[in-house]
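What follows is each chain in one-letter form.
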Amino acid sequence: MSAPNSDYDPVEVTPLRADEVERMRDAALEAIAAADSVEALKQVKIDHVGDRSPLALANREIGALPPQARKEVGQRVGQARGAVNKALAERTAQVEAVEFERRLAEEAVDVTVPVDMEPVGARHPLTTIQDHVADIFVAMGWEIAEGPEVEAEWLNFDALNLGPDHPARTMMDTFWVAPAEAAMVLRTHTSPVQARTMLTRQPPIYIACPGRVFRTDEPDATHAPVFHQVEGLAIDEGLSMAHLKGTLDHLATAIYGEGTTTRFRPSYFPFTEPSAEVDLLCYVCHNDPAQVADCPTCRGEGWVEWGGCGVVNPRVLIACGVDPERYSGFAFGMGLDRTITSRYDIADLRDLWDGDIRFTEPFGIGL
Ligand code: DAH
């Protein structure tokens, strides 16, 4: 330290005394060391480094000193401020690193922790069976066709050889759509899709059409005003009843499994000639004499009705613009709802359309 100065003694300027500068520096270093958050360090910076901090104020006093005293005092204050700034920078880096680590730890996501899964839901078994049946046909090279549920009377009936006075019309209790002059119905079967297809395309035609149909049946355990069918139509040169039987045997096996047996019974449909009804050997009792009498599925018949089929009536081909001299074909239609109820032992058909998810859930998303 320089010798006392007669006209201005720096030793007498309290904030600039060596011990005082040291005290201010130590106070600042202590506060820096004690600050354990970025927030606390901000305050320390204001208190010990900012414009109004003791060291900053002391620095300002230097200007008032006589020139010969400024150097030493300036160095003293400058070193103290340098030490404080350095300590502050180091501590800030330290505290920021710790806070960063803590945030990383706090915000870490443990992907192995078990979570409450939202229920995935389930597809309705009717949707699944329609898709499954469609897949079987696509695998045979057939196409999937669609038609509207509100259908022209002509396509639902007339084109299929069911003229206005045909007695078979009364077999299908029809929902008519108002106004009557519009001659529209809710389709009573998927067969109008046959007519639609033949009217718009040339053979060869191989189409399947799963879909919803409507009849004015009172709902009960075995009847519903809305049910589901799958329609098939093949038109080509040289097709016969034999091709029909082979196709249905394949379809039955694909749906019900290997070893499924079919049976054809002569029947009548206006749109096919000859016509047949096709049954499946009961897949529960297999017509086993020991069980058949008590079988709840076939009710003692040994066979379960599956659908109708036949060779397409030439009158239908003509109505739909197909040359019956060149082409022939076969068609079939079967209900899908019964496939579900019998396969899964569902006693009441109404379960299929009640909309209760407790019914659909066990089916999951596959079949
Ligand atoms: N459409 C008939 C029904 O709903 C089922 C049917 C029978 C469709 C014979 C056909 C067929 O294509 O050839 O009862």
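Residues numbered from 1 in each chain as written. Predicted model: local features only at pLDDT ≥ 70, side-chain atom pairs only at ≥ 80, totals over all residues. Heavy atoms only, no water.

Some details on the overall build of the chain
Check the secondary structure of the chain and you find 11 helices and 10 strands. Its C-alpha radius of gyration of 46 Å places the chain more than 25% over the 21 Å reference for a compact globule of 367 residues. On the principal axes, the C-alpha backbone points of the chain span a range of 140 × 55 × 40 Å. Within the chain, buried positions represent 40% of all 367 residues. Residue pairs at least 24 apart in sequence account for 67% of intrachain contacts in the chain once pairs closer than 6 positions are excluded. As displayed, the chain has an accessible area near 20300 Å², and 54% of this comes from carbon and sulfur atoms. Across the chain, the 32 positively charged side chains and the 58 negatively charged ones have centroids separated by 10 Å. (Helix = DSSP H or I, 4+ residues; strand = E, 2+ residues; numbered from the N terminus. Rg over C-alpha atoms; globule rule 2.2 N^0.38 Å. Buried < 20%, exposed > 50% of the residue type's maximum accessible area, 1.4 Å probe, protein only. Contact = heavy atoms within 4.5 Å. Areas by Shrake-Rupley, 256 points an atom, 1.4 Å probe, with all protein chains shown as cover. Lys, Arg positive; Asp, Glu negative; His and termini not counted. Charge placed at Lys NZ, Arg CZ, Asp CG, Glu CD.)

Some details on the sheet that holds strand E10 (residues 328-335)
Read across the open sheet, the seven strands follow the order E1-E5-E6-E10-E9-E8-E7; overall the sheet is mixed. The open sheet has two edge strands, strand E1 (143-144) and strand E7 (262-269), and neither has a second partner. Alignment of strand E8 (residues 272-281) against strand E9 (residues 303-312), held across eight bridges, turns out to be antiparallel. Each bridged residue has a counterpart across the sheet, and for Thr272 the counterpart in E9 is Val312. Its contacts with the sheet place helix H8 (residues 241-256) against E7, E8, E9 and E10, and it is angled at close to 30° to E10. (Pairing = 2+ DSSP bridges. Axes fitted to C-alpha atoms, helices over the stretch in contact; angles between N-to-C directions.)

Side note on the site of the ligand
The environment of the ligand is made up of 15 residues, and the closest members are His189, Gln194, Arg215, Gln229 and Glu231. Contact between the ligand and Arg215: an oxygen atom at 2.9 Å from a side-chain N or O atom of the residue. The contact in question runs from an oxygen atom of the ligand to an N or O atom on the backbone of Phe332, over 3.3 Å. Across the complex, the protein chains shield 92% of the 350 Å² of accessible surface that the ligand would expose by itself. Among the elements of the structure, strand E6 (226-236), E9 and E10 are those that each provide at least two residues to the shell around the ligand. Of the residues contributing to the shell around the ligand, the split by class is five nonpolar, eight polar and two charged. (Near = heavy atom within 4 Å. Polar contact = N/O pair within 3.5 Å; in protein donor to acceptor, adjacent residues only side chain to side chain. Nonpolar A, V, L, I, M, F, W, Y, C, P; charged D, E, K, R; others polar.)

Side note on the packing of aromatic side chains
Considering all chains together, one arrives at 12 aromatic pairs under this definition. Note on Phe137 and Phe332: the rings are 6.0 Å apart at their centroids and 20° apart in plane angle, and the pair reads as stacked. Taken together, the residues span a long stretch of sequence, with Phe137 in helix H5 (residues 125-139) and Phe332 in strand E10 at a distance of 195 residues. Look at Tyr256 and Tyr283: their rings are 4.8 Å apart centre to centre, the planes differ by 15°, and that puts the pair in the stacked class. Placement of Tyr256 in helix H8 and of Tyr283 in the loop between E8 and E9 is noted, with a sequence separation of 27 residues between them. Its relative accessible area of 22% is what places Tyr283 among the partly exposed residues. (Phe/Tyr/Trp six-rings, centres within 6.5 Å; stacked < 30°, edge-to-face > 60°.)

Thoughts on the domain arrangement of the chain
Accessible area lost upon the coming together of the parts is a frequently used measure of interface size. The domain architecture assigned to the chain consists of domain 1 (10-106) and domain 2 (125-363). Once you take the C-alpha centre of each, domain 1 and domain 2 turn out to be 93 Å apart. (Domains from an automatic or database assignment.)

Focus on the pairing of E6
Most of E6 sits out of view: 10 of its 11 residues are buried. The pairing of E6 with E10 spans eight bridges and is antiparallel. Residue pairing in the sheet places Glu231 in a bridge with Gly333 of E10.

Concerning the packing of helix H3 (residues 54-61) against helix H4 (residues 67-107)
At their nearest, the axes of H3 and H4 sit 10 Å apart, and the two run at 155° to each other. Judged by the inter-axis angle, H3 sits roughly antiparallel to H4. Considering how the two elements wind past one another, H3 and H4 form a crossing that is left-handed. When H3 is examined against H4, the residues Leu55, Ala56 and Asn59 are found in contact with a partner set consisting of Val77, Ala80, Arg81 and Val84. Grouping the constituent residues of the contact of H3 with H4 by class yields five nonpolar, one polar and one charged. (Parallel < 35°, antiparallel > 145°, perpendicular 65-115°, else oblique. Left-handed = near helix turned anticlockwise from the far one by under 90°.)

Let's talk about the nonpolar core
Counting residues in hydrophobic clusters, the biggest one holds 32 residues, and the most contacted among them are Phe137, Leu248, Leu251, Ile255, Trp306, Phe332 and Met334. For this core, the secondary-structure elements that each account for two or more residues are H5, E6, H8, E8, E9 and E10. For this core, the leading source of residues is H8, giving six residues. When near neighbours in sequence (up to four residues on either side) are disregarded, Ile255 contacts Ile129, His132, Val133, Ile136, Trp306, Thr339 and Arg343. (Core = buried A, V, L, I, M, F, W, Y, C linked by side-chain atoms within 4.5 Å.)

Notes on H4
Compared with the 60 Å implied by 1.5 Å per residue over 41 residues, the 58 Å span of H4 between its first and last C-alpha is a close match. The sharpest bend along H4 reaches about 25° and sits at Val73. Along H4, the residues classified as buried are Ala69, Val73, Arg76, Val77, Ala80, Val84, Ala87, Leu88, Arg91 and Val95. Those residues of H4 that are buried are in contact with helix H1 (18-34), helix H2 (38-48) and H3. (Expected span 1.5 Å × (residues − 1). Bend = angle between axes of the 7 residues up to and from the residue.)

A closer look at the UniProt feature "binding site: Mg(2+)" (unreviewed entry) in the chain
Taking the numbering used here, the UniProt-annotated feature "binding site: Mg(2+)" (unreviewed entry) corresponds to Glu273. Residue placement: Glu273 occurs in strand E8. Discounting chain neighbours no more than four positions away, the residues touching Glu273 are Val311 and Asn313. (UniProt positions renumbered as here; feature names shortened; annotations may be inferred.)

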